[in-house]
Amino acid sequence: MTKKIIYECIDAGSEYCPCYLAETNDCITCSHLQGKEFCDCNWRGVCIYQEYFWNGKKAKIARKNFIGKILDKKIIGDNLIIFEIEVAKSFARNLKQPGSYIFIRDADKPEYFDIPMSIMYSDENKGRIHVAVQIIGTKTKSLVNLEDEIMVRGPYWNGVLGLKELKTLKNSNALLIARGVALAPAVHILNYLIRNNNRITFIMDKGKFSEIFIGDYLDESKIITIEADILNQKGKLIVQELIRNNHYDLCFSGGSDPQHKEINNLLREFSLNTKYVITNNKEICCGEGICGSCTMRVGDKIIKACKSQINTSYIFEKEAE
Ligand code: FES
């Protein structure tokens, strides 16, 4: 018998729900808004079908682009820029949760220059957000000369898979492993876990950058930090020994898919009950569940990774088959 894959729409119950997907019978959560005659959802918030009805059988107003003022631009080495952007306080507050991201681009460029970018730090009191951009291709190169303004769209929240496991972790042990630009979303995750009184070991790998660029965002008195190149033998051994010799209730991997897989294999070998949280590496293009660029197969389902939260065990179970 095929196992029922449970996944939830990250936007369900938010001010952006129901979205365009409801208008085309493609809602991720509501069976009525998938064209079925019966109610068969696992959503426990306000009924999405009812919201759709009350909204005149239309999608709610979608996220909009706006111009953000660049307050600071820090260039690190030859391939990394940290932007500090002024936004509305409510917008910054909406980006406080782990996995938050926005789209940014040069305001003079067309929409297809939009780049999804993880929030590294968000200050709701001042209305400021920080993002770290790895300069790597045409889109990111177009941001290098921006000094005053940047186009912003958001908030989006599905930058991390396994959010439920992350958010429910309290008074526990966690291992965070992040490499390169994935150090940025790790800061948000770290702060969330610290707030919930978790004990954290954080392995930081600068990847292709000249330095660990998140030093200003860490309070190292509250965590154990280890700097390592997790792709070389020594670094791999450090990761392996930590997982083998300690019990972690949760492990976060920020980095490439091969990295996620390798760490998952170690966890399955040495630490079966560890919850696993990973960065969402799918190609996010629209972020709204429309374009289909982020689709992934999990079990017998095709899901849109920009909108769907899923327990990561489903992903690796499938790969192991
Ligand atoms: S990014 Fe367009 S559908 Fe997910």
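So, here's what we can say about the structure.

Conventions adopted
Residues numbered from 1 in each chain as written. Predicted model: local features only at pLDDT ≥ 70, side-chain atom pairs only at ≥ 80, totals over all residues. Heavy atoms only, no water. Disulfide = S-S within 2.5 Å. Buried < 20%, exposed > 50% of the residue type's maximum accessible area, 1.4 Å probe, protein only. Phe/Tyr/Trp six-rings, centres within 6.5 Å; stacked < 30°, edge-to-face > 60°. Helix = DSSP H or I, 4+ residues; strand = E, 2+ residues; numbered from the N terminus. Lys NZ or Arg CZ within 6 Å of the ring centre and 35° of its normal. Polar contact = N/O pair within 3.5 Å; in protein donor to acceptor, adjacent residues only side chain to side chain. Contact = heavy atoms within 4.5 Å. 1 Å grid on protein atoms, 1.4 Å probe; cavity = no way out; pocket = protein on both sides within 12 Å on 5 of 7 lines; lining within 4 Å. Points joined across faces, edges and corners; volume = space filled by probe spheres on them. Nonpolar A, V, L, I, M, F, W, Y, C, P; charged D, E, K, R; others polar. Domains from an automatic or database assignment.

Turning to the state of the cysteines, a few remarks are in order. Throughout the structure, instances matching the rule amount to zero disulfides. Considering cysteine sulfurs only, Cys 291 is the nearest to Cys 285, which forms no disulfide, with 4.2 Å between them. When its relative accessible area of 42% is taken as the criterion, Cys 285 is described as partly exposed.

For the rest of this paragraph, the subject is the packing of aromatic side chains. We describe a pair of aromatic rings using the distance from one ring centre to the other and the angle between the two ring planes. Within the structure shown, the criterion is met by 10 aromatic pairs. Between the aromatic rings of Tyr 49 and Phe 53, the centroid separation amounts to 6.1 Å while the plane-to-plane angle is 55 degrees, which identifies the pairing as tilted. In this pair, Tyr 49 and Phe 53 both sit in helix α2 (residues 48–54), four residues apart, roughly one turn of the helix. Given the relative accessible area of 45%, Phe 53 is considered partly exposed. Ring centres of Phe 209 and Phe 213 lie 5.5 Å apart, and the angle between their planes is 85 degrees; this geometry places the pair in the edge-to-face category. There is no split in this pair, since Phe 209 and Phe 213 are both buried. Members of the aromatic cluster, joined through ring pairs, are Tyr 101, Phe 103 and Tyr 156. A cation over a ring is seen here: Arg 63 above Tyr 16, with NZ or CZ 4.2 Å from the ring centre.

Turning to the side chain of Asp 11, a few remarks are in order. Relative to the assigned elements, Asp 11 resides in the loop between β1 (7–9) and α1 (20–23). The exposure class of Asp 11 is buried, given its relative accessible area of 3%. A distance of 2.9 Å separates a polar atom in the side chain of Asp 11 from a polar atom in the side chain of Lys 307. Discounting chain neighbours no more than four positions away, the residues touching Asp 11 are Cys 17, Arg 63, Trp 157 and Lys 307.

Attention now moves to the layout of surface pockets. Estimated volume of the largest pocket: approximately 1,100 Å³. Lining the largest pocket we find 35 residues, and of these Pro 116, Gln 134, Val 181, Asn 280 and Asn 281 sit closest to its centre. Mapped by element, the contributors of at least two residues to the lining of the largest pocket are β5 (115–123), β6 (128–134), α4 (138–141) and α6 (183–195). Examining the composition of the lining of the largest pocket, we find that four residues originate from one element, β5, more than from any other. Tallied by class, the residues present in the lining of the largest pocket amount to 15 nonpolar, 14 polar and six charged. Of the domains in this structure, domain 2 (65–156) and domain 3 (160–287) are the two that each give at least three residues to the lining of the largest pocket. The space that makes up the second largest pocket amounts to roughly 570 Å³. For the second largest pocket, the lining is made up of 21 residues, of which Tyr 7, Ile 28, Gln 34, Lys 36 and Lys 301 are closest to its centre. Looking at the lining of the second largest pocket element by element, the count peaks at four residues for strand β15 (residues 301–304). When the residues that make up the lining of the second largest pocket are grouped by side-chain class, the tally is eight nonpolar, five polar and eight charged.

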